[in-house]
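Coordinates in review
Chain residues, written in single-letter form:
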Amino acid sequence: MNQKAHIIFDGSCALCNRAVLFVAKRDIKDIFLLVSSQSQLGKTFLKKYQIEGLEKSTVILISTKGHIHSKSQAVIYILKAISKTSILGSLLYVIPNFIRDICYDVVAKNRSWFVSKKSCEIPSSTLLKKIILK
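Attention here is on the structure that accompanies the text. Nothing here was measured: the structure is a model prediction, and the numbers come from that model. Starting afresh in each chain, residues are numbered from 1 along the sequence in its written order. Restriction of local features to residues with pLDDT of at least 70 applies here, the model being predicted, together with a cutoff of 80 or more for giving and counting side-chain atom pairs; totals for whole chains, interfaces and linings are based on all residues. Only hydrogens and water are set aside when side-chain values are computed; all heavy atoms of the structure are taken into account.

**As for the pairing of strand β1 (residues 5-9)**
Heads up, the condition is: Three labels apply to residues, based on accessible area from a 1.4 Å probe with only protein chains included: buried if under 20% of the type maximum, exposed if over 50%, partly exposed otherwise in between. Working definition: helices are DSSP H or I runs of at least four residues, strands are E runs of at least two. Numbering for both runs from the N terminus. Pairing between strands requires that DSSP locate at least two bridges from one strand to the other. Crossovers are described as right-handed under a simple rule: with the strands pointing away from the observer, the path leading from the first strand over the helix to the second runs clockwise.
Most of β1 sits out of view: five of its five residues are buried. In β1, alternate side chains face the same way, and those of Ala5, Ile7 and Phe9 on one face and His6 and Ile8 on the other are all buried. Bridge analysis of β1 against strand β2 (residues 32-36) gives five bridges, and the strand direction is parallel. Counterpart to isoleucine 7 in the pairing with β2 is leucine 34. With respect to chirality, the unit in which β1 leads through helix α1 (residues 14-26) into the neighbouring parallel β2 is right-handed. Here β1 pairs with strand β3 (residues 60-62) via three bridges, running antiparallel. When the sheet's bridge partners are listed, isoleucine 7 is paired in β3 with leucine 61.

What follows is the structure, given as structure tokens:
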């Protein structure tokens with residue numbers, strides 16, 4: 001079995017859930033496993049990598065080599081890995097990290113503004129294999 005990078009996300013956040021579905025649909029290389037921070041596996045990763053508390057304000061990426069990326073750095077890594085959005089990830093990389101993270105923090109703090117629907121899309125069984133919620 002191939003080792004996968006893990007994306008830890010806030011499973012109770014509608015914007016995060018939309019982002020997870022966006023990634024799952026475009027992860028044609030099947031390199032990510034998407035893990036809710038509220039799941040048992042998510043809690044295990046948070047404890048193992050000593051990053052408990054960080055999951056409440058950001059997406060966390062644990063690479064296949066065990067490197068931790070968060071905020072805009074995680075987003076860029078994810079976008080570059082997803083074939084159709086790799087250009088977007090490369091373009092974002094030219095913006096200095098501190099500016100990207102300020103923008104990320106503004107979106108994270110106001111994430112309820114970015115989701116207009118009161119309900120979430122139900123993923124297909126294929127997509128559910130990539131997402132761990134419990």
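Still more ground to cover, so stick around.
**Thoughts on the pairing of β2**
For a regular strand, the rule is simple: side chains alternate between the two faces of the sheet. Counting buried positions along β2 gives five out of five residues, so the element sits mostly inside the fold. Across two bridges, the pairing between β2 and strand β5 (residues 131-132) is parallel. Note that in β5 the partner of leucine 34 across the bridge is isoleucine 131.

**Examining the packing of helix α3 (residues 71-81) against helix α5 (residues 97-109)**
Cut-off, in case you're wondering: Interaxial angle, 0 to 180 degrees, is taken between N-to-C directions of lines fitted to C-alpha atoms, where a helix line uses only the stretch in contact. In these notes the angle categories are as follows: under 35 degrees is roughly parallel, over 145 is roughly antiparallel, 65 to 115 is roughly perpendicular, and the rest is oblique. In this description, contact between two residues means that some pair of their heavy atoms is separated by no more than 4.5 Å.
Following both chains from N to C, one finds α3 and α5 inclined at 95 degrees, their axes separated by 7 Å at the closest point. Considering the angle they form, α3 stands roughly perpendicular to α5. Between α3 and α5, the contacting residues are Lys71, Ser72, Gln73, Val75 and Ile76 on the first element and Asn97, Arg100, Asp101, Tyr104 and Asp105 on the second.

**Some remarks on the sheet that holds β1**
Adjacent strands of a sheet form backbone hydrogen bonds with each other and so pair up, either parallel or antiparallel. Pairing is mixed in the open sheet, where five strands are placed in the order β4-β3-β1-β2-β5. Lying at the two open borders of the sheet, with one neighbouring strand each, are β4 (68-70) and β5. Pairing of β3 with β4 involves three bridges; the strand directions are antiparallel. Considered in β4, the bridge of leucine 61 is made with histidine 69. Here helix α2 (residues 40-48) sits on the sheet and contacts β1, β2, β3 and β5; the angle it forms with β2, its principal contact strand, is near 95 degrees. Contacts from α3 reach β1, β2, β3 and β4 within the one sheet, and its direction differs from that of β4 by about 105 degrees.

Don't take any of this as a statement about function, it's just geometry.
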